[in-house]
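Observations on the three-dimensional arrangement
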Amino acid sequence: MAPYVNLTRDDILRNEDISTWPPAVVQLVQSIRDALKVPSWLKSEPPPYTDKRAVHLLDQLGTIDDPSTCHLWEHVDMVDDNLQQRLNLAFSTALSDCARIQVAIEREELSGTSVPKESFIVVLMRNAILNVSPGLNSLEDVLVALPRHFSGEPIPALRYMKRSLSAPLVISICQKMPVEDDEDDGKATSKWEDESSEASSPLQWPPSVTMSEFFATLTAAVEEVEEAVDDDPGILSAPFEVHFLAYPLFAPLPSTCHISVLCIANERQLPVVMTSLLYQRRVWHINDPLIGIAFSKYDTIIGLYVGWLDDATPDRILPCVYLGRIETSVTLDLSSPLVSLVVSRLLMSLETSICRLRDRVRNTVGTIAAQTQTQTIHSWRIDSDVRMDPLFPSENNSIRDRIIKWSQQYSVCEEDMSRRTKNPATVPPVPVHQSVP
């Protein structure tokens, strides 16, 4: 898998010249830069609900007079009660998480051993965005499906390698796909879920069976599943491309889809994760840029990136992915209490775009469901070809053929062993040699 990940990462186009970025990307980046501020009243009025373990960080804020960070303080005379309450909650949570990071650094200095800080960074970022933006979901250590190559052509070798990548954190919104109404019980059920659950139900056989009887039962069950697939070919046309999570092949897909808002990964894997998320968002007709955050395992400094797609590539089935780094006026070191507050305020600024994204998804869910059923969406996942194969291929050396062949060989061996047990071969007696006097 590593060579393919490296290939995908190398093919992503890096663009550091913001003057050449699309207007929507520039607008998002500018709004993020403008949000890198914290109200100056924090110096004199510490936020309530602050953890007692983070009280000492408030003293650090009051004594910060570094010229390189003075521009981060924003003089705000008055804010409404609702906004101030949300700011207090966000800032108190950020200070508590920052205190944990400082404890990890102190432990590292005392022991002389590097302490991983990945979990601390993920928790800080997760709390910062979930506390201020209701209705979001936190997916931690999730498997994201690997994207196809930009050419869109299937690669046979990918069938024999891992087809997913672990992402430490993906923040998403959820949208339920429309399902058919079952008039019998009045509940909304999915035809795909019903039939797949029946097909994947465990086999039933008597408690004591021979190996031949077991494979006879298995073969009969396989034939029943094949007949069900032949009768209704729509079983395998579930909305697979609307998901970015990796699911087991031929397993029923959930009716709820996650659409990413923000992702966090290490510097090596972030471009590939963002590629998959951008392709999945395109299926949902979302062309907005995506924010990604990169980190290092043993460091507390994070980097901000923005990714977008470019359709002006007629020689490719899938659009090109562009990735640009968002330059900030201060190093985003989350061990600093001021920077932790700044990052928390930054994530609050994404609320407007998140709400707009949620409304757009709700308005297009019907169109997406129709397109996935008619298979008019380009496959962007490398596991699409494997999933869309027949459940039991008729090619030589298929799984079914190999099982049946093995069971027949085992039956022959079983009969031969039974014959030998009933008619054991006569073993000649061992000659007794007389001892030499």
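Here we summarise the structure given alongside this text. None of the values given here were measured: they were computed from a predicted structure.

A few points about the overall build of the chain
The secondary structure content of the chain amounts to 12 helices and 11 strands. Out of the 437 residues belonging to the chain, those deemed buried represent 44%. Contacts in the chain between residues far apart in sequence, at least 24 positions, make up 78% of those at least 6 positions apart.

Overview of the sheet that holds strand β5 (residues 164-176)
Strands pair in a sheet through their backbones, by hydrogen bonds, and they do so in one of two ways: parallel or antiparallel. Read from one edge to the other, the open sheet built from seven strands follows the order β1-β11-β10-β9-β8-β5-β4, with strand pairing classed as mixed. Two strands close off the open sheet at either side, each with one partner strand: β1 (13-14) and β4 (137-145). Sheet topology note: the strand β9 (residues 290-295)/strand β10 (residues 302-310) ladder contains six bridges and is antiparallel. Looking at β10, one finds that A294 is bridged to G303. Contacts from helix α5 (residues 118-130) reach β4, β5, β8 (256-266), β9 and β10 within the one sheet, and its direction differs from that of β5 by about 10 degrees.

What to know about the nonpolar core
In this structure, M125, W284, I302 and L334 are the most contacted members of the largest nonpolar core, which totals 105 residues. Residue contacts for I302: discarding those within four places in its chain leaves I121, M125, I293, A294, F295, L332, L334 and V343.

Section: the packing of aromatic side chains
The geometry of an aromatic ring pair is captured by the separation of the ring centres together with the interplanar angle, meaning the angle of the planes. In total, this model carries two aromatic pairs according to the counting rule given. Residues W21 and W308 carry aromatic rings whose centres are separated by 5.4 Å and whose planes lie at 55 degrees to one another, so their mutual orientation is tilted. Separated by 287 residues along the polypeptide, W21 in the loop between β1 and α2 (23-34) and W308 in strand β10 bring together distant segments of the chain. Between W308 and Y322, the ring centres sit 5.7 Å apart and the planes meet at 10 degrees, which makes this aromatic pair stacked. Remark: Y322 occurs in strand β11 (residues 320-326) and W308 occurs in strand β10; sequence separation between them is 14 residues. Linked through ring pairs, W21, W308 and Y322 together constitute an aromatic cluster. When the ring centre of F240 is taken as origin, the NZ or CZ atom of R381, which lies over that ring, is 4.0 Å away.

Let's talk about empty space enclosed by the protein
Applying the stated criterion to the full structure yields two cavities of 30 Å³ or more. Within this model, the second largest cavity holds a volume of roughly 30 Å³. Taken together, L278, R282, I286, N287, D288, W308 and L309 make up the lining of the second largest cavity. At the level of secondary structure, the elements contributing two or more residues to the lining of the second largest cavity comprise α8 (270-283) and β10. For the lining of the second largest cavity, the per-class residue count stands at four nonpolar, one polar and two charged.

Re the side chain of E108
Mapped onto the elements of the fold, E108 is located in helix α4 (residues 81-111). Among the polar contacts listed, one links the side chain of E108 to the side chain of K117, at a separation of 2.9 Å. Not counting chain neighbours up to four residues away, the residues in contact with E108 comprise T113, S114, V115 and K117.

Observations regarding the environment of L57
Relative to the assigned elements, L57 resides in helix α3 (residues 55-62). Taking C-alpha positions, L57 is 8.6 Å from C98, a pair spaced 41 residues apart along the chain. Among all residues touching L57, those that are not within four sequence positions of it are L95, C98, A99, Q102 and P337.

Here we look at α5
Given a rise of 1.5 Å per residue, 13 residues ought to cover 18 Å, and the 18 Å separating the end C-alpha atoms of α5 matches this to within 8%. Taken residue by residue, α5 has I121, V122, L124, M125, N127, A128 and I129 as its buried positions.

Here's the deal with the pattern of salt bridges
Evaluation of the coordinates by the stated rule reveals seven salt bridges. Note that R381 and D383 form a salt bridge whose closest N and O atoms lie 3.0 Å from each other. With respect to class, R381 is no different from D383; both count as buried.

A word on the pairing of β8
β8 sits mainly inside the fold: nine of its 11 residues count as buried. Examined bridge by bridge, β5 and β8 share eight bridges and lie antiparallel to one another. Opposite Q175, over in β8, you have C257 as the bridge partner. Taken together, the five bridges between β8 and β9 define a ladder with parallel strand orientation. From the neighbouring strand, L262 faces β9, where its bridge partner is I291. In this view, the connection linking β8 to its parallel neighbour β9 by way of α8 has right-handed handedness.

A few points about the packing of α5 against helix α9 (residues 337-348)
At their nearest, the axes of α5 and α9 sit 8 Å apart, and the two run at 45 degrees to each other. Comparing the axis directions of α5 and α9 gives the class oblique. For the pair α5 and α9, the sense of crossing is right-handed. For the pair α5 and α9, the contacting residues are L124, M125, A128 and I129 in the first and S340, V343, S344 and L347 in the second. For the contact of α5 with α9, the residue count by class is six nonpolar, two polar and no charged.

A closer look at unusual backbone geometry
In this structure, D141 takes a positive phi of about 50 degrees despite not being glycine. Residue placement: D141 occurs in strand β4. With a relative accessible area of 57%, D141 lands in the exposed category. In this structure, H285 takes a positive phi of about 60 degrees despite not being glycine. Here H285 is to be found in the loop between α8 and β9.

Here is what the cut-offs are and how they apply
Residues numbered from 1 in each chain as written. Predicted model: local features only at pLDDT ≥ 70, side-chain atom pairs only at ≥ 80, totals over all residues. Heavy atoms only, no water. Helix = DSSP H or I, 4+ residues; strand = E, 2+ residues; numbered from the N terminus. Buried < 20%, exposed > 50% of the residue type's maximum accessible area, 1.4 Å probe, protein only. Contact = heavy atoms within 4.5 Å. Pairing = 2+ DSSP bridges. Axes fitted to C-alpha atoms, helices over the stretch in contact; angles between N-to-C directions. Core = buried A, V, L, I, M, F, W, Y, C linked by side-chain atoms within 4.5 Å. Phe/Tyr/Trp six-rings, centres within 6.5 Å; stacked < 30°, edge-to-face > 60°. Lys NZ or Arg CZ within 6 Å of the ring centre and 35° of its normal. 1 Å grid on protein atoms, 1.4 Å probe; cavity = no way out; pocket = protein on both sides within 12 Å on 5 of 7 lines; lining within 4 Å. Points joined across faces, edges and corners; volume = space filled by probe spheres on them. Nonpolar A, V, L, I, M, F, W, Y, C, P; charged D, E, K, R; others polar. Polar contact = N/O pair within 3.5 Å; in protein donor to acceptor, adjacent residues only side chain to side chain. Expected span 1.5 Å × (residues − 1). Salt bridge = Lys/Arg side-chain N within 4 Å of Asp/Glu carboxyl O. Right-handed = clockwise from strand over helix to strand, strands pointing away. Parallel < 35°, antiparallel > 145°, perpendicular 65-115°, else oblique. Left-handed = near helix turned anticlockwise from the far one by under 90°.

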